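Here is what each chain is made of, one letter per residue.
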There are 2 protein chains.
Amino acid sequence: MRHQAQVLKGHLDMLLLATLADGPRHGYAIKEALREVSGSRFDLPTGTIYPALHRLEDAGLIRGSWSTVDGRRRRTYELTSPGRRRLSGDRKAWQEFSCAVASLLGEEPWPATT
Amino acid sequence: MRHQAQVLKGHLDMLLLATLADGPRHGYAIKEALREVSGSRFDLPTGTIYPALHRLEDAGLIRGSWSTVDGRRRRTYELTSPGRRRLSGDRKAWQEFSCAVASLLGEEPWPATT
DNA sequence: GAGGCATACGTAGGATTCCTAGTTATCAAG
DNA sequence: CTTGATAACTAGGAATCCTACGTATGCCTC
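Okay, so let's go over this structure. (Residues numbered from 1 in each chain as written. Chains lettered and ligands numbered in written order. Predicted model: local features only at pLDDT ≥ 70, side-chain atom pairs only at ≥ 80, totals over all residues. Heavy atoms only, no water.)

Observations concerning the sheet that holds strand β1 (residues 25-26) of chain B
Residue and element names in this part refer to chain B. What counts is decided by this rule: At least two bridges found by DSSP between two strands are what make those strands a pair. Secondary structure is summarised from DSSP: a helix means a run of H or I of at least four residues, a strand means a run of E of at least two, and numbering begins at the N terminus for each. What makes two residues a contact is simply this: any of their non-hydrogen atoms within 4.5 Å. Angles run from 0 to 180 degrees between N-to-C directions of axes, and those axes are lines fitted to C-alpha atoms, restricted for helices to the stretch in contact.
Taking strand neighbours across the sheet as the criterion, the three strands line up as β1-β3-β2 in an open arrangement whose pairing is antiparallel. The sheet is open, and its two borders are formed by β1 and β2 (62-69), each paired with just one other strand. Note: β1 against strand β3 (residues 72-79), two bridges, orientation antiparallel. When the sheet's bridge partners are listed, Arg25 is paired in β3 with Tyr77. Packed on one face of the sheet, helix α3 (residues 46-58) meets β2 and β3 and runs near 125° to β2.

Right under this line is the structure:
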């Protein structure tokens, strides 16, 4: 019984923070932004998004506030200062990580167009 | 109680397969190769390596065989055909994944050398 | 006014993965 | 004989992501 590919592989928190770097968004909008910007590669179920946002809020990396728009309640999140610092560190870590992986994957960095 | 950073984030199997792409190696040698090629970024405990190798062998992606060298028993692994195919697919998936992440991380793809 | 769809939030529990912390054993160097 | 490098193993815990639900509103169509 194989689990469906967990495409995010531990980088979800970074991606959520990155999505909020442009400005505050509510949960559903974050999900949509992630889907659109990634060309549907990151089309995450809400059961992935919402618990992750709660994690980030508990960790003090984002701050949420309730509002109501058109009769629907929304929880809008924005980055905190620690969140901004974390994102900055995550970006650096990602560079290092992806470089290390690329070098381990071997000399062929790009499939030749021939 | 924060867990120590899980630097591999779901890509361990791919890295192990990639290490075997150059030719057969035994477990300990794989661990060392991973450490050296990555500049010590991937210095994994044996409790990570060995179970992962067992997983890959159970999945039929690598094949192991016992031998004894200098009185020490070794289990040497080599890629199977399915393993080679998997690695090839993993490389492609990695390209897509890392591109998607890069685009979500924003416009600054590389820190300027200025 | 009933049904369906998009919006919007949530939780419970399972599967998987990686790490910590331990064990066993050989060989070489001191 | 003790330490350190080599070489393999396992048990159990913590974290993460997914599946599968549940709740509710507004809008559009029938």
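On we go from here.
As for the packing of aromatic side chains
As a reminder, the rule being used: Two rings from Phe, Tyr or Trp (for Trp, the six-membered ring) form a pair when their centres sit within 6.5 Å of each other. Planes less than 30 degrees apart are called stacked, planes more than 60 degrees apart edge-to-face, and all others tilted. Three labels apply to residues, based on accessible area from a 1.4 Å probe with only protein chains included: buried if under 20% of the type maximum, exposed if over 50%, partly exposed otherwise in between.
For the structure shown, the criterion picks out seven aromatic pairs over all chains. Taking 6.0 Å as the distance between ring centres and 75° as the angle between the ring planes, the aromatic pair formed by A:Trp94 and B:Phe97 counts as edge-to-face. Residue A:Trp94 is found in helix α4 (residues 81-105), and its partner B:Phe97 is found in helix α4 (residues 81-105); the two belong to separate chains. Aromatic pair A:Phe97 and B:Phe42: ring centres 6.0 Å apart, planes at 75°, arrangement edge-to-face. Remark: B:Phe42 occurs in the loop between α2 (27-37) and α3 and A:Phe97 occurs in helix α4; the pair is interchain, linking two chains. The burial state of A:Phe97 is the same as that of B:Phe42; both residues are buried.

Looking at the packing of helix α1 (residues 12-20) of chain A against helix α3 (residues 46-58) of chain A
All names here are of chain A. The criterion, for reference: In what follows, roughly perpendicular refers to angles from 65 to 115 degrees, roughly parallel to angles under 35, roughly antiparallel to angles over 145, and oblique to any angle outside these ranges.
The N-to-C vectors of α1 and α3 enclose an angle of 80°; their axes lie 10 Å apart at closest approach. When the axes of α1 and α3 are compared, the pair comes out roughly perpendicular. Residues Leu12, Asp13, Leu16 and Leu17 of α1 form the contact with α3, whose own contacting residues are Thr48, Ile49, Ala52, Leu53, Arg55 and Leu56.

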